[in-house]
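Tertiary structure, described
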Amino acid sequence: MRQSDKRNLSMIMDLYEMTMANGYYGTSSDNVRVTFDVFFRHNPDYGGFSIFAGLEQVLDFLENMRFDPEDIEYLRALKLFPEDFLQKLASFRFTGDIDAFPEGTIMYPNEPVLTVNAPLVDAQLVETAILNQINHQSLIATKAQRIVHAAKGRGVADFGARRAHNADAAVYGARAAYIGGVDSTATVLAGQMFGIPVTGTMAHSWVMYHHDEYTAFRRFAEAYPDGAVLLVDTYNVLHSGIPNAIKTAKEVLEPMGKRLKGVRIDSGDLDYISKRARTMLDDASLTDCKISVSNSLDEYTITSLIEQGGCIDSFGVGERLITARSEPVFGAVYKLVSVEKDGREDPRIKISETVEKITNPGRKRVYRVYNQTGHAISDLLTLYDEVVDVSAPYRYVNPMKPWRSRSYEDVTVRELQQPVMRNGRRVASSPSLKEIRDYVCRQLTEEIWEEEQRFDNPHLHKLVMSPAYYEAKMDLLYKIGEEFTPSRGGER
């Protein structure tokens, strides 16, 4: 089941995508094939890496992309497009090829995580939709992983739906959070759509509805004796909430042969209260009763609570996860890198006064380089038709320090981009969401250095180039520099 089954989202695009497509239509450019790369320039929160997510929804969109009669009628009413172009749209189907990192791949700035090779009109029309999914889900997956990392093995649940920016952000945010390592979600639709374990306790309103707290707890325990987690902070955690939870455990659950599963604290000084609550529960022989906390948590508050010795077994994380509040924009971009010309690839490059915005031109391949212990030591860009042979010392260029001569020895490489779509149709089966999540965990456990996973001043993963690719990029920069340098005047 997909949320898009009942609606057509093909019109999710910026208007310029449609006007550019119309401009190309009927000209010699109409059937030219082009290549666009999706990449990003910075990891969120100054982190050491990001997580690639959203590929499944990109492929769903591209396979089902179409313009319905009401879409054509709306575009006609704009009075911007000729009738023959609108008729072409009426029968449009995406016919391009997609190569991409496997979903869940640990990724780094300035490398192409997804590449579109397609007729020019096709490639132009899909930009916003591709970026929409990848930017959102990669952002949330990356934030979720930071929170899970901070929890140090304690459970983390997504509680974010009511603070998400809309229903899609809640549902696909929950999917991305699960990829990033969150154990469960409170969002029922996400559980239904993606098979994510769902979790929940009780509401403050349940406690407030009943004439006293104990009655509320008793009736909840009677309704859910096998999974009773009681919300103990509606009135006063230590003076009423925990005592009434203990009373419920002793007078309601234990006579039924059941145990109180847990208590949740949603306000106050979570460190101090959790310690006192733990002592009270242990003194009542409820050592197996878990303590869960929530209330505007993120990786930094969780780290602080653990460092202070908070007696906390799991965390419910809401708004700061589902909105990635500390840095709510991912920033992946979609840039033209190549145009097919006379049967060959003609590379294109974007130049900027801001050096970091100069793009990596042309079709290319991306490899992850591993040392003898299996740790990833860098990523490598090469020409598309270049053969990488690491059986002997392999020279590479660090574009940040091109004057240094460096070589790999005793390494292995893995190509990261894989074919996922040809002529608008998938060519590989999609992994399950759990398989994607496990893939993330495996990389972080076995391949990615711990130094890259710290929050403050992480080690920066290198993106290097083959000498041939670096030379091709420099040649293109020099060529464009000669063509566009003014004949007089000076540089500032």
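The structure reproduced in this document is the subject of the present report. (Residues numbered from 1 in each chain as written. Predicted model: local features only at pLDDT ≥ 70, side-chain atom pairs only at ≥ 80, totals over all residues. Heavy atoms only, no water.)

Below, the discussion takes up the sheet that holds strand β3 (residues 97-100). Pairing within the open sheet is antiparallel, and its seven strands lie in the order β13-β12-β1-β5-β3-β19-β20. Both edges of this open sheet fall to β13 (344-347) and β20 (425-426), since each of them pairs with a single strand only. Bridge count for strand β1 (residues 33-39) against strand β5 (residues 114-119) is six bridges, and the pairing is antiparallel. Considered in β5, the bridge of V34 is made with A118. (Pairing = 2+ DSSP bridges. Helix = DSSP H or I, 4+ residues; strand = E, 2+ residues; numbered from the N terminus.)

The final tally for this structure, using the stated rule, is one cavity of 30 Å³ or more. In this structure, the largest cavity spans a volume of roughly 70 Å³. Lining the largest cavity are P44, G47, G48, F49, T142, Q145, R146, E452, Q453, R454 and F455. When contributions to the lining of the largest cavity are tallied by element, the ones reaching two or more residues are α6 (127-151) and α16 (450-453). If one sorts the elements of the lining of the largest cavity by residue count, α6 sits on top with three residues. (1 Å grid on protein atoms, 1.4 Å probe; cavity = no way out; pocket = protein on both sides within 12 Å on 5 of 7 lines; lining within 4 Å. Points joined across faces, edges and corners; volume = space filled by probe spheres on them.)

Turning our eyes to something else, we now look at helix α11 (residues 237-253). Residues spaced three or four apart along an α-helix face the same direction, because each turn holds 3.6 residues. With 17 residues, α11 extends only 20 Å from end C-alpha to end C-alpha; this falls clearly short of the ideal 24 Å at 1.5 Å per step. Turning to α11, its buried residues number three or more, namely V237, L238, S240, G241, I242, N244, A245, I246, T248, A249, V252 and L253. Residues of α11 that are buried sit in contact with α10 (213-223), β8 (229-231), β9 (262-265) and α12 (270-283). N-cap assignment for α11: the residue whose side-chain oxygen lies 3.2 Å from the backbone N of L238 is N236. (Expected span 1.5 Å × (residues − 1). Buried < 20%, exposed > 50% of the residue type's maximum accessible area, 1.4 Å probe, protein only. Contact = heavy atoms within 4.5 Å. Polar contact = N/O pair within 3.5 Å; in protein donor to acceptor, adjacent residues only side chain to side chain.)

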